[in-house]
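Observations on the three-dimensional arrangement
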Amino acid sequence: IPAGVFVGFMIGGVVAQHWGWRAAFSLVGLPGVLLGLLVFTSIREPARGRLDAGNSVQAQEKFSTSLKLLLQNRAYRHLLGAACLFTLGAAGSGVWMPSFFIRHHGMSGAQIGVWMAFLYGVGGLLGSLGGGWLAEKLSNTYATQGWYARICCYSLLACLPLLPFIFLNSNPYIAL
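Attention in this report is confined to the structure presented alongside it. Because the structure is predicted, anything quoted here is derived from the model rather than measured.

Quick look at the overall build of the protein chain now. Helix and strand counts for the protein chain come out as eight helices and zero strands. Tracing the protein chain from N to C terminus, the helices and strands come up as α-α-α-α-α-α-α-α. Relative to its length of 176 residues, the protein chain is extended, with a C-alpha radius of gyration of 21 Å against a globular reference of 16 Å. Overall size of the protein chain, expressed as C-alpha extent along the three principal axes, is 65 × 45 × 30 Å. Per-residue burial for the protein chain yields a buried fraction of 19% across its 176 residues. In the protein chain, 56% of the contacts between residues at least 6 apart in sequence involve partners at least 24 apart. In the structure as shown, the protein chain presents an accessible area of about 13200 Å², 70% of it carried by carbon and sulfur atoms. The centroid of the 11 positive side-chain charges in the protein chain is displaced by 12 Å from the centroid of its 4 negative side-chain charges.

In structure tokens form, the structure reads like this:
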């Protein structure tokens, strides 16, 4: 995901500056559509249950039954809610942050595209790898699996106090 974000912002910013945002969306989205068509037409779904223990194919459980079972799990409900809120914030910032820097700080589309590529793409990659490494290390040290969720939670909470520096700073490079 971070590599796709990097390429999308890098190419999208330059294309949007020269040919408009519609061209940027079309160019950046086209490879995904083509890959999706290739996968859809060339890879077949394996028979369900074929690789389960005993090689017996079991009857497929109804969606409503599975959903009810999942929603009875308190930890799953919390994870689902947190993931929804995070995705809402991340998608919102990813979509509107470039426009903010263009309008408020007078940056060009290509310039903010490069900045967003490195901040979101490289930052996302380093955060994923570093967070995974730290969670693994702490989980092994303290013999508990809870660190995988805690590291995500703590890193997101650590970012919240920094938000005013983005929107209230007159210097775009400090804001970035």
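Next comes the rest of the description.
Counting ten residues, the largest nonpolar core consists of Phe 9, Met 97, Phe 100, Phe 101, Met 107, Ile 112, Met 116, Ala 117, Ile 166 and Ala 175. Those elements that place two or more of their residues in this core are α4 (74–105) and α5 (109–142). Contacts of Ile 166, omitting those with residues within four sequence positions, involve Met 97, Phe 100, Phe 101 and Ala 175.

The subject of this paragraph is the packing of aromatic side chains. Under the counting rule described, the total for this entry stands at eight aromatic pairs. Each ring, one from Phe 100 and one from Phe 101, has its centre 5.4 Å from the other, and the planes form 85°; the classification is edge-to-face. The exposure classification of Phe 100 matches that of Phe 101, with both residues buried. Measuring from centroid to centroid gives 6.5 Å for Trp 147 and Tyr 154, while their planes differ by 75°, and the two rings are edge-to-face. Residue Trp 147 is classed as buried on the basis of its relative accessible area of 18%. Here Tyr 154 falls in the partly exposed class, since its relative accessible area comes to 47%. The ring of Trp 147 is capped by Arg 150, whose NZ or CZ atom sits 5.1 Å from the centre of that ring.

A few words on the state of the cysteines. A full pass over the atoms with the stated rule returns zero disulfides. Sulfur of Cys 152: no disulfide; nearest cysteine sulfur belongs to Cys 153 and is 8.6 Å away. The exposure class assigned to Cys 152 is partly exposed, which follows from its relative accessible area of 46%.

Calculation criteria
- Residues numbered from 1 in each chain as written.
- Predicted model: local features only at pLDDT ≥ 70, side-chain atom pairs only at ≥ 80, totals over all residues.
- Heavy atoms only, no water.
- Helix = DSSP H or I, 4+ residues; strand = E, 2+ residues; numbered from the N terminus.
- Rg over C-alpha atoms; globule rule 2.2 N^0.38 Å.
- Buried < 20%, exposed > 50% of the residue type's maximum accessible area, 1.4 Å probe, protein only.
- Contact = heavy atoms within 4.5 Å.
- Areas by Shrake-Rupley, 256 points an atom, 1.4 Å probe, with all protein chains shown as cover.
- Lys, Arg positive; Asp, Glu negative; His and termini not counted.
- Charge placed at Lys NZ, Arg CZ, Asp CG, Glu CD.
- Core = buried A, V, L, I, M, F, W, Y, C linked by side-chain atoms within 4.5 Å.
- Phe/Tyr/Trp six-rings, centres within 6.5 Å; stacked < 30°, edge-to-face > 60°.
- Lys NZ or Arg CZ within 6 Å of the ring centre and 35° of its normal.
- Disulfide = S-S within 2.5 Å.

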